[in-house]
Amino acid sequence: MKVLVDAGLMPSDPAAAKALETLDPYELRATGLDVMLPLTHLGRAVFHLNQRRGFKSNRKTDRGDNESGKIKDATKRLTWAMQEAGARTYGEFLHMRRARASDPRQVPSVRTRLSVASRGGPDSKEEAGYDFYPERAHLEDEFHALWSAQAAFHPDLTCELRDVVFEKIFYQRPLKEPKVGLCLFTAEERLPKAHPLTGRRVLYETVNQLRVTADGRTTRPLTLEERDMIVYALDNKKPVKSLSSMHLKLVALGKLVKLKDGERFTLESGVRDAIACDPIRATMGHPDGFGPAWSRLDWQAQWALIEKLRQVQSDDDFASLVAWLGATHNLSEDHAKRVANLHLPEGYGRLGLTATEAILCNLKAEVCTYSQAVERWGKHHSNQRTGECLEALPYYGEVLDRHVIPGTYNEDDDDVTRYGRITNPTVHIGLNQLRRLVNRIIATYGKPDQIVVELARELKQSEAQKSEALKKIRDTTADAIRRGRQLEEIGQKNTGANRLLLRLWEDLGPAVGPRCCPYTGKPISVTMLFDGACDVDHILPYSRTLDDSFANRTICLREANRQKGDRTPWEAWGGSDQWDAIEANLKDLPENKRKRFAPDAMERFEGERDFLDRALVDTQYLARISRAYLDTLFTEGGHVWVVPGRMTEMLRRHWGLNALLSDKDRGAGKVKNRTDHRHHAIDAAVIAATDHSLVNRISKAAGQGESAGQSAELIARDTPEPWEGFRNDISAQIARIVVSHRADHGRIDVEGRKHGKDSTAGRLHNDTAYGIVDDHTVVSRTPLLSLKPGDIEVTTKGKNIRDTQLQKALSVATTGKDGKGFEEALRNFAEKEGPYQGIRRVRLIETLQSSARVEVGSDEDGQPLKAYKGDSNHCYDLWKLPDGKVVPHVVSTYEAHAGTDKRPHPAAKRILRVFKKDMVAIEQDDQTAIFYVQKLDRANGLFLAPHLEANADARHRNPNDAFKFLQMGAGSVVRNKLRRVYVDEIGRIKDPGPPKH
């Protein structure tokens, strides 16, 4: 806009620029090809091009993307249609289509929408796609045609100005490459998985791990000759069409090296029955790829080619690569194009170039494992201590730099920006909380000599348990292979992402009968997974749960996903007629997905605060990396060790510690009470009372199984308490504990906000934009086909159709209809001759008080242009007015970031501010009680929970649970002398005492 104003193509007065919106931009784009336009009218047309500048393919991201294929097909149809219509530009084509409409209500839409239709002739099948889709070249050609035509009338439209405006509109930045992590051993960046040396290292690591065994004999490694024979066979396997078939069975490899009768490879008894070929060599050396000449190139020449292949983003880059391949490697144009279209492994390994070369050299020199190859290089595969003795834990990114995405390393930046972070949010938060706790312990009691970490894992498995686990892995592997073959049969790439789509699709129901969209009940065929008709949706919104697990993902139709938005299924459709169809589909979904459709699914998820229940995988990773983090406090090993969680559970139970927090509603003693946060403290006491000897004895017994006569349970049962009176001592300490909760004060960077770098931990508002009717009512537009029966009914709560005549007409047209019949009735209504023929959207009014709105913009009268529903709350304020009256106010997240001051009176004094999860003290029955703030509510004030209560929100909502929040309005807050208190990481309270208002 600034460029257009400076060039005289737009008025500098905002009001005059606003007035140009009344002009028809399509008419200007068409007539401007032949007649002179005022410069500001030309600017209006150019600005319109800027808003809709067309699709431009990115070859790097669009490889194998069916959506981009549909766009290209629609682009060709558009070009043909423009030629048939005699349209010189895309804008003229749209204007001609609109001008041909006999009725203003029948003007065709200019937006490109995905629809299901037959587009290949009378005999073609219906499929998802676009009728027309403009690409960037259409809009670029139109810009030049329009500018050239107007330059004949306006001498100020110079070539230099044209180039400046063109670049502002059409320049597309290349994709920003993600930051690459550092090598585990050096300061170099990690090598891509597509690097030739990475492929060779992985191959030699895998083959070197093979062991030869036979019943009654000891295992042995391969001889050097046997290893080289296997590698040679893998490198020279006859090419096949599918990369997933480029492997050799272990049985065949056994025959190759002439194993004796009864001998076999150890991996044959596990989950792997084959070894894959080097994927880079197999892909590039394939006759349809670079060809046999690939193996004659040294790795530097191979990497030079792959690096150029990885850098291709645009069609120009592709053409340059094809030309380079022809000039450098003497490939024909067709051959070069096949190479340029090859798909190589994505992502990065964990080693840099120096480490890869050194380790690969050792792996080749002798038959050694990865850890042995690292040791021969003079390193240790897991111990990365620097030798520095730390007195306190620094930010984890500073000492675990091999585990984080690198930062800026700028001393002026904060620790996260400077040193980088682990992308997993659970682990990032967990390590930062661990640092606070450990450093507080060190500051209070000194540096510990030993630290014991409980790992979220089972004890050593018996042979029967191992067999069951191996069977499960084998079944999973077999399913993945089956899905890969199915993908190849239907002409799709056999990738992890595509196999996941098939797996999600199979989860929709049994193979017999159609698999249906869980939100609409419409059938989904396997081909629809790859033609753009479907989306992968998080059942509970990822933005609110950070849950990307398989259990929280499903396949659904794209239009249903858009309608659902950032809501749970119940929030989107609960109580509507569509919910009946959803409930009918639930019986086909697995239980771990069905429960996420419940009305209280979000609350139950938020209430599941136990790490193990919420994210076992995250916890396992967190426990492992916590051990490495804590190890940095010491210069040698042995100070930090681990115990399995299963062992902690057995000892706690046999020592009678579960009864210390017995739940009176469930009976005493047998089960850990997870509704009381102090169960973690009991676990810590058990962990502290164990030693290496006990861990080894219990673990060994667990591996032997019950038949050995000395099970882990028996050892745990016979293990005496650490000292006499242990249970009573723990009980006394438990009674003194005050649980510290992590307060949620949001993220408001006052200084950063001044420079446009503000951030938020909560949503500022909902997505829907509303027009403002009055202080109590707003209006929004929704597509006709998105209406629900409840939207048509007249109600005192919720939404109503603003046009009462339209509401009555729709009510008559849809009475008695539901499901597909209801949708068909809406379609027929829009096609029927009459005042509403061609209607596409409907205006709905609903109640939304001005105090609950986020209002933006302003018109010439100073009134807001539109409003949004506020989403999350920031804090709760209590104000005392000059007359002594106390007034509460809940500050929304939007108000907090906007810096809005809603002081109820100029002389009002704020006497309290609390945030969610703040610790508070109240005077209750002549005693001080400690609570935490669970919820802030505009109408109902504060909801508090005792500090020791876990899963509080879910339990409060459960009608069968006696636990309920303590609710306090402004008066109760004052009477009970509520105030914020500070509880540090080890449970010490700082209480300012009852307030004197």
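This text gives an overview of the structure that appears in the document. Because the structure is predicted, anything quoted here is derived from the model rather than measured.

1. Overview of the packing of aromatic side chains
Part 1 of the argument: Per the counting criterion, the structure on display carries 16 aromatic pairs.
Part 2 of the argument: Centroid distance tyrosine 395 to tyrosine 396: 4.6 Å. Interplanar angle 40°. Geometry classified as tilted. Assigned by exposure class, tyrosine 395 and tyrosine 396 land together as buried.
Part 3 of the argument: Members of the aromatic cluster, each reached through a chain of ring pairs, are Tyr395, Tyr396, Tyr419 and Tyr629.
Part 4 of the argument: We note lysine 593 situated over the ring of phenylalanine 550; from NZ or CZ to the ring centre the distance is 4.3 Å.
Part 5 of the argument: Above the ring of phenylalanine 943, the side-chain terminus of lysine 935 is found at 5.1 Å from the ring centroid.

2. Some points on unusual backbone geometry
Residues other than glycine predominantly adopt negative phi, and peptide bonds predominantly adopt the trans conformation.
Part 1 of the argument: A positive phi angle, near 55°, is found at aspartate 925, a position not held by glycine.
Part 2 of the argument: Residue placement: aspartate 925 occurs in the loop between strand 21 (919-924) and strand 22 (927-937).
Part 3 of the argument: Under the relative-accessibility criterion, aspartate 925 is labelled exposed at 70%.
Part 4 of the argument: Phi at asparagine 951 is positive, roughly 50°, even though this residue is not glycine.
Part 5 of the argument: Turning to its location among the elements, asparagine 951 is positioned in the loop between strand 23 (941-946) and helix 42 (952-957).

3. Structural notes on the environment of tyrosine 519
Part 1 of the argument: By secondary structure assignment, the location of tyrosine 519 is in the loop between helix 23 (496-506) and strand 9 (534-538).
Part 2 of the argument: Look at tyrosine 519 and you get buried, because its relative accessible area is 0%.
Part 3 of the argument: In this structure, the C-alpha to C-alpha distance between tyrosine 519 and leucine 586, residues 67 residues apart in sequence, is 9.6 Å.

4. Examining the side chain of threonine 198
Part 1 of the argument: Note that threonine 198 resides in helix 10 (residues 196-208).
Part 2 of the argument: Assessed through its relative accessible area of 6%, threonine 198 is described here as buried.
Part 3 of the argument: Apart from residues no more than four positions distant in its own chain, threonine 198 is found in contact with Leu191, Pro192, Lys193 and Thr356.

5. Overview of the packing of helix 32 (residues 645-654) against helix 33 (residues 679-688)
To describe two helices that pack against each other, one gives the angle between their axes and the distance between the axes.
Part 1 of the argument: Taken N-terminus to C-terminus, the directions of helix 32 and helix 33 make an angle of 100°; their axes are 10 Å apart at the nearest point. By the angle between their axes, helix 32 is roughly perpendicular relative to helix 33. Two secondary-structure elements touch here, helix 32 through Thr648, Leu651 and Arg652 and helix 33 through Ile682, Asp683, Val686 and Ile687.
Part 2 of the argument: In terms of residue class, the contact of helix 32 with helix 33 is made up of 4 nonpolar, 1 polar and 2 charged.

Thresholds applied
Residues numbered from 1 in each chain as written. Predicted model: local features only at pLDDT ≥ 70, side-chain atom pairs only at ≥ 80, totals over all residues. Heavy atoms only, no water. Phe/Tyr/Trp six-rings, centres within 6.5 Å; stacked < 30°, edge-to-face > 60°. Buried < 20%, exposed > 50% of the residue type's maximum accessible area, 1.4 Å probe, protein only. Lys NZ or Arg CZ within 6 Å of the ring centre and 35° of its normal. Helix = DSSP H or I, 4+ residues; strand = E, 2+ residues; numbered from the N terminus. Contact = heavy atoms within 4.5 Å. Axes fitted to C-alpha atoms, helices over the stretch in contact; angles between N-to-C directions. Parallel < 35°, antiparallel > 145°, perpendicular 65-115°, else oblique. Nonpolar A, V, L, I, M, F, W, Y, C, P; charged D, E, K, R; others polar.

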